[in-house]
Amino acid sequence: MTHPLDSSTEENRLIAERRSKLSALRARGPAYPNDFQPDVHAADLHAEFDAYDDAALEQLDRHVRIAGRMMLKRVMGKASFATLQDGSGRMQLYLDRGLLGEADYAAFKTWDIGDILGAEGVVFKTRKGELSVRVQHVRLLSKALRPLPDKFHGVADLELRYRQRYVDLIMTESTRQTFLQRSQIITTLRSLMTDAGFLEVETPMLHPIPGGAAARPFVTHHNALDMQMYLRIAPELYLKRLIVGGFDRVFEINRNFRNEGVSPRHNPEFTMMEFYAAYADYHWLMDFTERLIRETTLRACGHTDLTYQGQALDLGRPFERLTIAQAILKHAPHYTHAQLNDAAFIRAELQRLGVDTQAPALAQAGPGALQLALFEEAAEEKLWHPTFIIDYPVEVSPLARASDTREGITERFELFACGREIANGFSELNDPEDQAARFLAQVQAKDAGDEEAMYYDADYVRALEYGMPPTGGCGIGVDRLVMMLTDNPNIRDVILFPHLRPED
């Protein structure tokens, strides 16, 4: 087993050796030239010519210019092979000393794995049938001073992959595919939303009052205005102001910031898509959200019958809809209806399960909030196939419309899959007096110690006083959706540069 100090010493030796080569390059002219432009990518060559045989390629005589990072190198006397990797894939180079010339071939032999090359030549196939470029000219475009790792394995390498994502992208094809697929998922969401008549908008990232969610904000200071401001925890209240202003369907794919813990499901900075539709309720929202996720899955993955972390996941079948109590009874059947309506029993059960019921969020909680807390402990992680949990209590839904027929219940849902929340939506509260009273209740909760309770937003209440039509709104966690569709267990696997503690 190689000792870490031995590994560090070897790396330092290789870096010193490469710096010496760079000094020699500088003495001969520009060490990092910028006058080579490739005219083709590796994937395009494979797509066009993999089906050809060598005789057909020879007759075609296709000349190409290709550039990329040298990932493999085999020097064999008078001829050598190298593998270039560009943004699309890999292509083999064949370098013949007689064709290149003594000087260029000798220079090539001194170049290192990781160096970025530009090559010109003719497409052909080797005797083994591998598509390649017979190189006529080759240049070193960028000298890599640090050696690439041999491979990734183990916990230490996970740290490297998250902290030095650029190295991870060079070395790990599955990582490259994850982020290509992430881009495709977001592009698909945007396309489906605009096709459905939604207008894409941009709302502020800096808020004078944090609102739209129950979360702790990041606090900053605006020097010119001499005022405290907050990185947004959600764009919701600004998007609903646009509904008041007359845009009937709006959406935003946005970055939110919440000053909370880091876990496999949480990153302080994350991506959401929020959308709002006038004259829609939460039933319409559930139908639309289900179709949206299913169609996105179909376009991004090619099918809706997936496997996530070794377990089947079917996004093609209808999403189940359960109340909080129904979900508990289904997935924790040892409870009874009577127990779920007994606040004292639930409080005692939560304490047995290790939940601090004296924490500010639960100390004064009513039966509905306690039942929700029990759901989170006993049932949430068992919701594998997509399931809408509906009819949340008013006390934990300060922005949702209350039911006209059931006291204490709102027209709200959360969508769960793979044991985690994917989306949250509701019929929006558009009664300004009711909203003002809900905000005041949140202020009282904050004064009692609940740091995640909302602030009173007087301007938002004023906006509602101008009249907001009946509206439905939903937020979808893009990172968690990408985790599910790319079969990644950790949110850090789908965020290019996740937040980490500083290096020692």
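Residues numbered from 1 in each chain as written. Predicted model: local features only at pLDDT ≥ 70, side-chain atom pairs only at ≥ 80, totals over all residues. Heavy atoms only, no water.

Engineer: Which residues make up the nonpolar core, and what are the values?
Structural biologist: With 45 residues, the main nonpolar core has M273, F275, L292 and I476 as its most contacted residues. Here this core takes 8 residues from helix α10 (residues 282-301), the largest share from any one element. When neighbours within four sequence positions are excluded, F275 is seen to be in contact with M193, F198, V250, F251, L285, F288, T289, L292, G472, G473, C474 and I476. L25, F49, M91 and F108 belong to the second largest nonpolar core, which has 29 residues in total. (Core = buried A, V, L, I, M, F, W, Y, C linked by side-chain atoms within 4.5 Å. Buried < 20%, exposed > 50% of the residue type's maximum accessible area, 1.4 Å probe, protein only. Helix = DSSP H or I, 4+ residues; strand = E, 2+ residues; numbered from the N terminus. Contact = heavy atoms within 4.5 Å.)

Engineer: Could you give an account of the sheet that holds strand β3 (residues 90-96), with specific residues and numbers?
Structural biologist: By way of backbone hydrogen bonds, the strands of a sheet pair with one another, either parallel or antiparallel. The mixed closed barrel is built from 5 strands, whose spatial order is β1-β2-β3-β5-β4. Adjacent strand axes in the sheet meet at a mean angle of 55 degrees, parallel and antiparallel pairs treated alike. The sheet contact formed by β3 and strand β5 (residues 131-142) spans 3 bridges and is parallel. Bridging across to β5, Q92 finds its partner in S132. (Pairing = 2+ DSSP bridges. Axes fitted to C-alpha atoms, helices over the stretch in contact; angles between N-to-C directions.)

Engineer: Which residues make up a negative patch on the surface, and what are the values?
Structural biologist: Among the surface-exposed residues, D53, D54, E58 and D61 lie close enough to one another that they form a single negatively charged patch. By the secondary structure assignment, D61 is in the loop between α3 (54-60) and β1 (63-76). (Patch = residues over 30% accessible without salt bridge, like charges linked within 9 Å, V, L, I, M, F, W, Y side chains within 5 Å. Areas by Shrake-Rupley, 256 points an atom, 1.4 Å probe, with all protein chains shown as cover. Salt bridge = Lys/Arg side-chain N within 4 Å of Asp/Glu carboxyl O. Lys, Arg positive; Asp, Glu negative; His and termini not counted. Charge placed at Lys NZ, Arg CZ, Asp CG, Glu CD.)

Engineer: Mind laying out the sheet that holds strand β6 (residues 199-200), listing which residues take part and the relevant values?
Structural biologist: On the basis of which strands lie adjacent, the open sheet formed by 8 strands has the order β6-β10-β11-β18-β17-β16-β15-β14 and mixed pairing. What marks the edges here is a single partner per strand, and that holds for β6 and β14 (320-323). Strand direction decides the pairing type here: strand β16 (residues 412-417) and strand β17 (residues 420-427), joined by 6 bridges, are antiparallel. Bridge pairing in β17 links R412 to F426.

Engineer: Can you break down the packing of helix α8 (residues 173-195) against helix α18 (residues 478-486) residue by residue, with the values?
Structural biologist: Viewed as axis vectors pointing N to C, α8 and α18 meet at an angle of 120 degrees, and their least axial separation amounts to 10 Å. Taken together, the axis directions place α8 and α18 in an arrangement best described as oblique. When the axes of α8 and α18 are compared, the crossing they make is right-handed. Residues T178, Q181, R182, I185, I186 and L189 of α8 lie in contact with α18, whose contacting residues are V478, D479, L481, V482, L485 and T486. Residue composition of the contact of α8 with α18, by class: 7 nonpolar, 3 polar and 2 charged. (Parallel < 35°, antiparallel > 145°, perpendicular 65-115°, else oblique. Left-handed = near helix turned anticlockwise from the far one by under 90°. Nonpolar A, V, L, I, M, F, W, Y, C, P; charged D, E, K, R; others polar.)

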